[in-house]
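Each chain is listed here by its residues.
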Amino acid sequence: MRIVNPHFPINIPNSYSFFSIITAMLKVLTSSCLQNRFPAVTQVRRGSESNTPLLQVLGSLRSSNRRGPYLYRRFFCSDSTDESEPNSEAKQLEGEREGGDADSKASAAIVPTVFRPEDCLTVLALPLPHRPLFPGVYMPIYVKDPKVLAALVESRKRQAPYAGAFLLKDEQGTDPNVVSASDTEKNIYELKGKDLFSRLHVVGTLAQITSIQGDQVILIGHRRIRMTEVVSEEPLTVKVDHLKEQPYNKDDDVIKATSFEVLSTLRDVLKTSSLWKDHVQTYIQHIGDFNYARLADFGAAISGANQLQCQQVLEELDVYKRLQLTLEIVKKEMEISKIQESIAKAIEEKISGEQRRYLLNEQLKAIKKELGLETDDKTALSAKFRERLEPNKEKIPAHVMQVIEEELTKLQLLEASSSEFNVTRNYLDWLTALPWGSYSDENFDVLRAEKILDEDHYGLTDVKERILEFIAVGKLRGTSQGKIICLSGPPGVGKTSIGRSIARALNRKFYRFSVGGLSDVAEIKGHRRTYIGAMPGKMVQCLKSVGTANPLVLIDEIDKLGRGHAGDPASAMLELLDPEQNANFLDHYLDVPIDLSKVLFVCTANVLEMIPNPLLDRMEVIAIAGYITDEKRHIARDYLEKSTRETCGIKPEQVEVTDAALLALIENYCREAGVRNLQKQIEKIYRKIALKLVRKDGKIEPQNAGVNEVKAESVHISDEIKSKEETQAGAKSVEGSNDDKPSENDAEALEAPVNQMQMSTDEDTHLQEVNEATESEASKTIEKVVVDSPNLADYVGKPIFHAERIYDQTPVGVVMGLAWTSMGGSTLYVETSLVEQGEGKGALNVTGQLGDIMKESAQIAHTVARIILQEKEPDNHFFANSKLHLHVPAGATPKDGPSAGCTMITSLLSLAMKKPIKPYLAMTGEVTLTGKILPIGGVKEKAIAARRSDVKTIIFPSANRRDFDELAPNVKEGLDVHFVDDYKQIYDLAF
């Protein structure tokens, strides 16, 4: 049998033949173990020789063996050593001595080796990373060092299962409140020997090793100990001193009150925290005497305080101070428990409220469903979609109705939470929202339509005529078809705004969308339904928005379509704007044909050249050339001025803008083809007038104030006259009663009527003047602000444009040409000058920021001019021997185009023959090498520019006669126009 003793292990055979060996062992045991462990036993019958030492030992072994579990339990839970315990054991031992002989024969020779905690003076040091271990408290720890784990197992086998548990100090420079468990454990495993010793708190707990499972060791604290020195470094073994509480008075009222407060606080905390209840039950099972010291340890042990506060409680040996520290800790725990309880209560109320609401809603749904008041979501959706279809169910095409029915059936089979359910629902929403076969009643009254168009726009005769034709055809047929009309022209001429007027004249719904910069085909044709966030194209959105299948759709800026990685929208527009195809327009999202044949498309563009030819071929183009000065003046007077006056809140009688001011504004500030800039300038004038009126109203008094003052003044004067009359009458009566001076009285009596008449005449004159002033003040109205050409600059600043006519009489080599610009028409001069002359130095240099086409026109003009000069003056070799410079001012303006050919030829010939051309003459036309004159564009704009520059005679190509004949009479008025086919005709007219 193996008996383990911490000092010497001995193998004892179970036989009496080894009596001498046992006797020697007992001497050692008696001197070492029994004197320390059982001092009373060694004193009982020490002098008696009749009872041998063996019987005493065997008896003690038997009794200790029977009481072993009891002793183990006591050591397990208590760290106090009562003086009565050894004496009781000795008495029990002594009582059993008499039966020792018989028992020893049947029992093994067992040496008592049960350790008391106070006998452990050298212990293995175990570091605790997070919290200290308090007496009477369980704590599991993990031991990763195999040497330490082996030492713990060995000490447990030796029946000395004790170790020292010491809290690890925080590293210098670290915050103890910041948790970093992995780093802390890593540092513990790396610390060895003296490094570990220096990192441990000096005061710790003697802990009993209850079990070891793998690397997990479960400890129970027994008593406080203090490290004194290192015994061995691997594993770290230290010498310790056992600490005891300082003596205290159990009947001290302060200690009692503090302990009662701790108990009261713990009781309150235990009501709220179930975790604490488990701690208490475990603790009470292993604690015998629950005194003040243990109360302090218990409160600190089960609290959530940080490690430093717990270590202070562990190190404190004064029981009263320890109770105070514990009271602070449990008070904090109480506050934390209250916060925890409030948080839990708030969350519970929220959850219970939501659950209650959910249950009530579900019950309400079930009740309504039973009563037939409400159906589920899918049934309600299907009913809503079918309700939409009812009004036009007969007009819906069969293939569309078939798709809708299939999708409705599919909707009923899908779960509401699935993604496919939302896709199907949105698809049905679009399908049922479209106006299948629903058309608005059109207006076939041509006179009413013409009146509406004239109300909104001045001019634009071509556009209005085309719309009236459209209405007339619809009236004769009884129904109208869709058309694709393209309005082209410069900015600001009313292309976009007339679209709304056309819709109002036709009694159609109006929808506008701009395609400027559009680079995604899906905007026109829609997305596939498989994509997330898929939507139909603009046309389907238009039909859903307007609610009819025959709206007027204005597609703005069609010449500015983009082209990107998502396709070519211009090509996608071909199907939309083709009268032969749009009856079955297929949107990618709907995937069913839509009839757009009744839709009237009106497109707008600034430059037709930017529109692809296949798309342009599908549209009926109506060119809007722009407005002449007279038209602008009418628009400004009848439309712009009226709307601006209403916008600014100014009455018509407060402002007068003269015709001269409007004409100067148009000529010097707003020469562009449109009227957008003209509207801005008129708004600017009216804003300044509004500011002037407000400032003036702030200085002057109300209108009735002057009248009241005049009336008050007249009353005051009449009162003065009355008082004077009364005074004179009184004086006259006094004088009449005096009989001493009859002659003087008579004389005064004769003079009095004359003076009275004179005074009354003066008063009448004054009163008449006052009345006239009163009438003039009363009749005076609000001062009118007059805007005329002299003071126009005060409102809109200095003129932007100046007279285009540079020369009153054009000199030799200078000819006026006509050009078309985005601002409308303008005149420009072509100037030719001789640089140097010499034999064979003929050359031509051109300047004026000319484009490639215009440079080629200059070369052609130079060649044609040499040919014509050779015919007219064979002896003149001017071009062969002259270096010429041709310039087209202004130099900062880029210029290009072929229409200046005839003007350049005329300028060159004028310089060569040293003849100026006729005054007030302008020309335009492209010239070929053989001298033929080709047609040009912008006839209306060029004619307007010629009138603006006081040109009397214009030369146009013969091919442009039709364009000129279509101009309004007020444009052609006062112009002598000649149409030519060959340059020789121009030569005769110019020279």
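In case you missed it, the structure is sitting above this.
Residues numbered from 1 in each chain as written. Predicted model: local features only at pLDDT ≥ 70, side-chain atom pairs only at ≥ 80, totals over all residues. Heavy atoms only, no water.

Draft legend 1. Inspection of the pattern of salt bridges at higher detail. Counted under the stated rule, the structure contains 29 salt bridges. For the salt bridge of Asp 297 with Arg 224, the shortest nitrogen-to-oxygen distance reads 2.5 Å. Here Arg 224 lies in strand S7 (residues 216-232) and Asp 297 lies in helix H12 (residues 292-302), a separation of 73 residues in the sequence. An identical accessibility class is assigned to Asp 297 and Arg 224; each is buried. Here Glu 966 makes a salt bridge to Arg 962, at a shortest N to O gap of 3.5 Å. Note on accessibility: Glu 966 and Arg 962 belong to one class, exposed. Several salt bridges converge on common partners, so that one network encompasses Arg 224, Glu 245, Asp 297 and Arg 322. (Salt bridge = Lys/Arg side-chain N within 4 Å of Asp/Glu carboxyl O. Helix = DSSP H or I, 4+ residues; strand = E, 2+ residues; numbered from the N terminus. Buried < 20%, exposed > 50% of the residue type's maximum accessible area, 1.4 Å probe, protein only.)

Draft legend 2. Representation of helix H19 (residues 461-477). Here H19 contains 17 residues, and its C-alpha end-to-end distance of 24 Å stays within 8% of the 24 Å for a straight helix at 1.5 Å per residue. Along H19, the residues classified as buried are Val 463, Lys 464, Arg 466, Ile 467, Leu 468, Phe 470, Ile 471 and Gly 474. Next to the buried residues of H19 lie helix H18 (446-456), strand S9 (484-488), helix H20 (495-506), strand S14 (600-605) and strand S15 (620-623). Taken from the residues just after H19, Gly 478 is the one with a positive phi, measuring 85°. (Expected span 1.5 Å × (residues − 1). Contact = heavy atoms within 4.5 Å.)

Draft legend 3. Highlighting a nonpolar patch on the surface. A surface patch of nonpolar side chains, about 370 Å² in accessible area, is lined by Ile 339, Ile 343, Ile 347 and Ile 351. You can see Ile 339 is positioned in helix H14 (residues 319-371). (Patch = residues over 30% accessible without salt bridge, like charges linked within 9 Å, V, L, I, M, F, W, Y side chains within 5 Å. Areas by Shrake-Rupley, 256 points an atom, 1.4 Å probe, with all protein chains shown as cover.)

Draft legend 4. Geometry of the packing of aromatic side chains. Overall, the coordinates contain eight aromatic pairs when judged by the stated rule. Ring plane angle 55° and centroid distance 6.2 Å describe the contact between Tyr 248 and Tyr 292, whose orientation is recorded as tilted. Remark: Tyr 292 occurs in helix H12 and Tyr 248 occurs in the loop between strand S8 (237-242) and helix H10 (253-272); sequence separation between them is 44 residues. For Tyr 292, a relative accessible area of 17% translates into the label buried. Taken together, the ring pairs connect Phe 956, Phe 964 and Phe 979 into an aromatic cluster. Between the NZ or CZ atom of Arg 529 and the centre of the ring of Tyr 427, over which it lies, the distance is 3.8 Å. The lysine or arginine in question, Lys 544, covers the ring of Trp 430, its NZ or CZ lying 4.2 Å from the ring centre. (Phe/Tyr/Trp six-rings, centres within 6.5 Å; stacked < 30°, edge-to-face > 60°. Lys NZ or Arg CZ within 6 Å of the ring centre and 35° of its normal.)

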